[in-house]
Amino acid sequence: MALAFQIVYTYLDADGDTATSAIDIPTTFALADYVEFGRGMASLVDDIVHGVVQSAELTVNVDISGLTNNGLVADSDVEEVGAFQFTTADGRPVNVNIPAIDESLVAASSDDLDQSDPAVAAFLTAMTSGVAVTGGTAIPSDVDGDDLTSLVYAREAFRASGTRR
Amino acid sequence: MSPDLLAILIDWLSSGVTRTYAELVEILPEREKPRAFLIQQELKQRGMVQPVIRFENGNVVHEIVPVVQNGGE
């Protein structure tokens, strides 16, 4: 089954609430075509809603069927999150919440994730030093594209379930 | 990082051999192990190492590559 890309629109209503909708499109176009499509479709949906079309994002779906440890564990709970804060070299904080965190990764007598665990350390290192890919090293960034460089904290927290981005 | 721990790590890195994260955890004193990533981060910020995450046959490889210092004896 071929993966499709998505344009995700976020809508704001008069109560200040937001909701999203997504439109799938094939993967065969150039990036500029998706931007053109997304802008055009935003105009079309704007004409049929009373709320504000707040944003449009291109979501590139990735085939993850090759994961080998992706099973459901009985005590998993998406309201138990790994709460991470990183910063750029300029000190801009970036928060990342990972739902359904493995509670066994929490250090004893602490809310902090155990950095001696290889899985925790590999994630933290990937976030702040990047991942080797064919074209170089891809380092996660803030919204302006500045590399994340440092960890501020990595700990267990609790969040109401829902969409996290 | 304490001077004693820094001295241990400088000695550990002095061979210039690429190490694994597991090896870093192994040489740390017990009380320092839960903050092993922050120690790796400090070594990186001091310009002593470059951590590397790559994938090999679907497995995660986490290495710590010593940075060769120019001008040393």
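First, a word on what this report is: a plain description of the structure on this page.

Parameters at a glance
Residues numbered from 1 in each chain as written. Chains lettered and ligands numbered in written order. Predicted model: local features only at pLDDT ≥ 70, side-chain atom pairs only at ≥ 80, totals over all residues. Heavy atoms only, no water. Helix = DSSP H or I, 4+ residues; strand = E, 2+ residues; numbered from the N terminus. Buried < 20%, exposed > 50% of the residue type's maximum accessible area, 1.4 Å probe, protein only. Contact = heavy atoms within 4.5 Å. Pairing = 2+ DSSP bridges. Buried area = accessible area lost by both parts, 1.4 Å probe. Salt bridge = Lys/Arg side-chain N within 4 Å of Asp/Glu carboxyl O. Axes fitted to C-alpha atoms, helices over the stretch in contact; angles between N-to-C directions. Expected span 1.5 Å × (residues − 1). Arc of directions from axis to C-beta.

### Focus on the side chain of Thr87 of chain A
All names here are of chain A.
Argument step 1. Position of Thr87 relative to the elements: it lies in strand β4 (residues 80-88).
Argument step 2. According to the relative accessible area criterion, Thr87 is buried, its value standing at 14%.
Argument step 3. Contacts of Thr87, omitting those with residues within four sequence positions, involve Arg92, Pro93, Asp147, Leu148, Thr149, Ser150 and Val152.

### Re the pairing of strand β2 (residues 18-25) of chain A
All names here are of chain A.
Argument step 1. Relative to β2, strand β1 (residues 5-12) runs antiparallel, the two sharing 8 bridges. Opposite Tyr9, over in β2, you have Ser21 as the bridge partner.
Argument step 2. Hairpin remark: β1 followed by β2, antiparallel, with 5 residues in the connecting loop; positive phi at Gly16, about 90°.

### Side note on the environment of Phe84 of chain A
Argument step 1. The residue Phe84 of chain A is located in strand β4 in this model.
Argument step 2. Measuring from C-alpha to C-alpha, the distance between Phe84 of chain A and Arg39 of chain A comes to 33 Å, with 45 residues separating the pair along the chain.

### What to know about the interface of chain B and chain A
Argument step 1. Counting from both sides, the interface comprises 19 residues of chain B and, opposite them, 17 residues of chain A.
Argument step 2. Carbon and sulfur atoms make up 57% of the surface buried where chain B meets chain A, a total of about 1300 Å² over both sides.
Argument step 3. Contact with chain A buries surface across chain B, with Pro34, Phe37 and Ile53 of chain B losing the most and accounting together for 40% of the total.
Argument step 4. Put simply, chain B and chain A have 0 salt bridges between them.

### Things to note about the sheet that holds β2 of chain A
Two pairing modes exist for strands in a sheet, parallel and antiparallel, and in both the strands are linked by backbone hydrogen bonds.
All names here are of chain A.
Argument step 1. Taken together, the 3 strands give an open sheet; going across it, the order is β2-β1-β3, and neighbouring strands pair in antiparallel fashion. Unpaired on one side and paired on the other, β2 and β3 (52-59) mark the two borders of the sheet. Here the average twist between neighbouring strands, direction ignored, is 20°.
Argument step 2. Alignment of β1 against β3, held across 7 bridges, turns out to be antiparallel. Bridging across to β3, Ile7 finds its partner in Leu58.
Argument step 3. Contacts between helix α1 (residues 31-46) and the sheet are confined to β1, β2 and β3, with β1 contributing the most and set at about 35° to the helix.

### Remarks on α1 of chain A
Residues and elements named next belong to chain A.
Argument step 1. Between its first and last C-alpha, α1 extends 22 Å over 16 residues, near the 22 Å set by a 1.5 Å rise per residue.
Argument step 2. If you check which residues of α1 are buried, you get Tyr34, Gly38, Ala42 and Val45. When α1 is viewed along its axis, its buried side chains cluster within an angular range of 75° and face the same direction. Seen from the buried face of α1, the exposed residues on the opposite side, beyond 90 degrees, are Ala32, Glu36, Arg39 and Leu44.
Argument step 3. Turning to α1, the residues buried within the fold contact β1, β2 and β3.

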